[in-house]
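So you can see what is in the structure, the chains are spelled out below.
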Amino acid sequence: MEIKKVHLTNDKKTLHKVEKKLHFESFFRYLESFTESGVSSDDMIPSFALERLREIEQVSGKLCMHNLSAYRDILQLIYSLSVSLIDTDPKRYWALATPLAEETFYGTEAFFDLWKNNLEEQDIQDQIQDGGILNNQEKLLYALIFERLYGLPAKENNTIVYHHLDEKGEIIDYYDLNIDFKFVDIKPKKELPQFDVGSLTKNTNDTSLFDWNNVANVIKIEDFELSGFTILTVKKSSLEHTLKRVQSILLNLETYNYHLFLSDLEKIIAPILKGEDTIFSLFPLFQLNGLPFFDYSITNKSILISETYANNTYTNINPQVANYLKHPHLIFYNTLDAIKNTTSIFDERIKASGVKTYVCIPLIHNHTLSGILEIYSYQLDQLENETMHSIRELVPLLSQLSHDITTEFKKRIDEIIINRFTTIQPAVQWKFNHVAAQYIQEFENDAQNAHIRPVIFEEVYPLYGAIDVKDSTIIRNASILKDFGFKVKQLALLIDELSLDGRYQLIIDFSKRVDQITKSLDQISFDESMVKIIEFFRKDVQPFLDQARRQFPTKYAIIEHYARHFFTNRDTGEFYRNEFETSLRHVNHIISKELNHFNSFIQGNYPSYFQKFRTDGIEYDIYIGESITPQQTFSKEFINIFRRQQIISMARIALKAHHAKQDLPLGLETTQLIFINPHSIDISFREDERRFDVEGSLNIRYEIIKKRIDKIRIKRTKERLTQVNKIAIVYLSDEILEDLNLSIQAIYDMGIIENSVEHLKLEDVQGIIGLKAIRLTVNLNYRDFS
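Position numbers for residues start from 1 in each chain and track the written sequence from start to end. Selection of residues for local features in this predicted model requires a pLDDT of at least 70, selection of side-chain atom pairs for listing and counting requires 80 or more, and totals for whole chains, interfaces and linings are taken over all residues. The basis for every side-chain value is the complete set of heavy atoms in the structure, and neither hydrogens nor water enter the calculation.

Side note on empty space enclosed by the protein
Here is the rule we go by: Cavities and pockets were defined on a 1 Å grid built from protein atoms only: a cavity is a group of points that admits a 1.4 Å probe but offers it no way out, a pocket is an open group of points flanked by protein on both sides within 12 Å along at least five of seven lines, and a lining residue is one with an atom within 4 Å of any such point. Grid points are joined across faces, edges and corners, and a volume is the space filled by probe spheres set on the points. Nonpolar residues are Ala, Val, Leu, Ile, Met, Phe, Trp, Tyr, Cys and Pro. Charged residues are Asp, Glu, Lys and Arg, and all others, Gly as well, are polar.
Within this structure, the stated rule accounts for one cavity of 30 Å³ or more. By volume, the largest cavity amounts to about 40 Å³. Lining of the largest cavity is provided by Ala654, Ala657, His658, Lys661, Glu669, Thr670, Val724 and Asn725. Its residues assigned to classes, the lining of the largest cavity shows three nonpolar, three polar and two charged.

Okay, structure coming up:
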């Protein structure tokens, strides 16, 4: 036992205003209660303690922080009275502290050793939701005031939770600090304020949830004084708090990104595992098309479902794994004394992985396998009884969690299929329902000509747009050739390495072949080059490497090092193409995000059909009309509003792509093109292509124009219409100009385009004469994207 001062909280806000005295008056009264009816065998210890206390007070004065050592016998007696003599645990966490438990003055060595760790105090929650205006000691003080002076019992259990952090700031243990206020007296310095409890609550239907802003205004803690001491006990509570945190995940599962969720779950489980050497692996059992689905980025910590077994494909599952999933069972490997699953078909796999202790637990929900839990270590004796007990307590929650994850996974797949892959969008769903209902009615009535009628929407107005990544084909081709050049350099380095052992005929012949293929690429087209490159690596490089492995066995490791650059992944073999594809994906993400905003604007005003097509940019068609949305009155003003928003959307895409250039591996640029068709058209659903297309020969002209204007030039020049940081608007009839000019003026007033409108005539293309265009310049200094 030690006399020692330890601050239990770093937050001393406003507590200095509270008058606190350390004394034994309440403890006196406690002891006297045993001796009021005369001395008996039951009150010998209290009588002795009272006599000893009076002796110490006469010699050393009343208890205070400066004379603690004189009261050591009494402090030890309090410990003996409050702790069972049968419990001889040497690591008992016990201490005496000031009236509000903000500072200790006496306790066990184990308690003070515990407080040398990096313990962080958590905020008391329960019914006290204060928005951060009160610290824990203030909350405990208010609870005492309500309970002792107003007779209003608080729900708080006088417990503060501390978590133990490692060097990385991760939680590795939880401890509950329980505070016993039995020997604390609380007195008001003046008349108690009176109040209506209902006025202090946030909700008139729930008087247990106080609005602590109101409480702090009515009751001032500096108007009270405390005296006595508190008794503190600490209990390790990692399992309890881990269970609570897992339960919180269950309640908020929809908010999680799955991979981030797994990372968070590992951190949550860490306190119940022994040390960093113990590894936790949980993977829910997803089903796709009736087969288990394994994502190696999720199962990469699994011993059971390793990359070797899963092979990155869900259609080629190792038979042993498949059989285990049909007949799951516990697997123990050097886990507990005398318990080892010696018949497990995975023993060799576990042993080969270097794992020393291992347990695999099937997670069962509603009699169905919902996931697999594995816990293992590369060290012996890491899965002792306490850890195994905690894991057993967690299993029901993890089984439920795995089931909920797989349910959420299926839900998200369904949403993606509905929203991204089917053409039956909400705006036109009613028409498909109607056609299907007609067919069912005819079929049930045994109509001889029962058939599914075509889905046609008449007199709809089309909006077409195309965002293209400038020179994407040229940049992609150049990237591929750069990668080939890199691989050739690696071949040259390998040849040099092998030549150190002498000029062998194998090396001489292959060097000539490398020179031939390199020279020939400068004289042929890109498509021919690709054919030659692929043929070269298949027919020349691979056989050369096979022969080199046999002819130069001492150089095997070097050969393998270079071989990785030829036949593996993009990180080593396709660096430049990877730069291009990464940049292209980012630009297309910007485009898609803006088009989603544009589509939301349209659907919010007048539900319409929106379809887009992916190229090295994105093209889209929008069809608007009363035949699509008959329940809402149609006005041609909708067309003007949407065309104006279409131009704004294009300007935002150009701006965001321009600002993103500096952060991309390759600075890709975009061009923006709009075609305005002056008249309505008819569209029908094509079941073979599962998309809408124009209906009737008169409307095919619209599709022809769309396909022929992407590379169109300005009349009598070689200049392409589409240019970076500009928006090209192609039209046929001048009747749309008045409304279009009004929209352009409104957009200019916003500041998103410059005041430089180009009116252009376009070259004639096959079958199309008289095309015109307006070209707008985007204001690259525009910043307001609200």
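Some words on the sheet that holds strand β6 (residues 171-180)
This is how the line gets drawn: Between any two strands, pairing holds if DSSP finds at least two bridges. Here a helix means four or more residues in a row that DSSP labels H or I, a strand means two or more in a row labelled E, and each is numbered from the N terminus. Axes, fitted as lines to C-alpha atoms, cover a helix only where it is in contact. Angles between the N-to-C directions of the axes lie from 0 to 180 degrees. By definition, residues are in contact when any of their heavy atoms lie within 4.5 Å.
What the six strands build is an open sheet, ordered β3-β2-β11-β6-β5-β4; its pairing is antiparallel. Here the strands that pair on one side only, and so sit at the sheet edges, are β3 (104-107) and β4 (119-121). The mean angle between the axes of side-by-side strands here comes to 30 degrees, regardless of whether they run parallel or antiparallel. Sheet analysis places β4 next to strand β5 (residues 159-165), joined by three bridges and oriented antiparallel. Within the sheet, the bridge partner assigned to Glu120 lies in β5 and is His163. Contacts between helix α5 (residues 136-149) and the sheet are confined to β4, β5 and β6, with β5 contributing the most and set at about 165 degrees to the helix. The strands that helix α7 (residues 238-251) touches are β5, β6 and β11 (230-236); relative to β6, the one it contacts most, it runs at about 110 degrees.

Remarks on the side chain of Gln672
So the rule is basically this: In protein, a polar contact requires one atom able to donate a hydrogen and another able to accept it; more generally it is a pair of N or O atoms within 3.5 Å, and residues adjacent in sequence count only if both atoms are side-chain atoms.
By the secondary structure assignment, Gln672 is in strand β21 (residues 670-676). In terms of polar contacts, Gln672 uses its side chain to reach the side chain of Thr670, at 2.6 Å. Side-chain polar atoms of Gln672 contact the backbone oxygen of Lys726, separated by 2.9 Å. Apart from residues lying up to four places away in sequence, Gln672 is in contact with Ala466, Ile467, Met650, Ile653, Ala654, Asn725, Lys726, Ile727 and Ala728.

A short note on the packing of helix α21 (residues 637-660) against helix α23 (residues 737-750)
Short version of the rule: If an angle is under 35 degrees, it is roughly parallel; if it is over 145, roughly antiparallel; if it lies from 65 to 115, roughly perpendicular; otherwise it is oblique. Crossings are sorted by hand: turned counterclockwise from the far helix by less than a right angle, the near helix makes the crossing left-handed, and turned clockwise it makes it right-handed.
Running from amino to carboxyl end, α21 crosses α23 at an angle of 45 degrees, the nearest separation of the two axes being 10 Å. If you check the angle between α21 and α23, you find them oblique. Crossing geometry of α21 relative to α23 is assigned as right-handed. Judged by residue contacts, Asn640, Arg644, Ile647 and Ile648 of α21 engage Asp739, Leu740, Ser743, Ala746, Ile747 and Met750 from α23. Looking at the contact of α21 with α23, its residues break down into six nonpolar, two polar and two charged.

Quick notes on the packing of aromatic side chains
Geometry of an aromatic ring pair is reported as the spacing of the ring centres plus the angle between the planes. Rules: Here the aromatic set is Phe, Tyr and Trp, taking the six-membered ring for Trp, and pairing holds for ring centres within 6.5 Å; pairs whose planes are under 30 degrees apart are stacked, those over 60 apart are edge-to-face, and all others are tilted. Relative accessibility under 20% of the residue-type maximum defines a buried residue, over 50% an exposed one, and the middle range a partly exposed one, all with a 1.4 Å probe and only protein chains included.
Counting across every chain of the model gives 30 aromatic pairs. Centre to centre, the rings of Tyr93 and Tyr175 are 6.1 Å apart; their planes meet at 90 degrees, and the pair counts as edge-to-face. Pair noted here: Tyr93 is in strand β2 (residues 93-97) and Tyr175 is in strand β6, with a separation of 82 residues, a long-range link. With respect to class, Tyr93 is no different from Tyr175; both count as buried. Note on Trp430 and Phe457: the rings are 6.2 Å apart at their centroids and 65 degrees apart in plane angle, and the pair reads as edge-to-face. Here the residue Trp430 occupies a position in helix α14 (residues 426-444), and Phe457 occupies one in strand β18 (residues 456-469), the gap between them amounting to 27 residues. Note on Phe457: relative accessible area 1%, which makes it buried. One aromatic cluster in this structure is built from Trp430, Phe457, Tyr609, Tyr623, Phe685 and Phe692.

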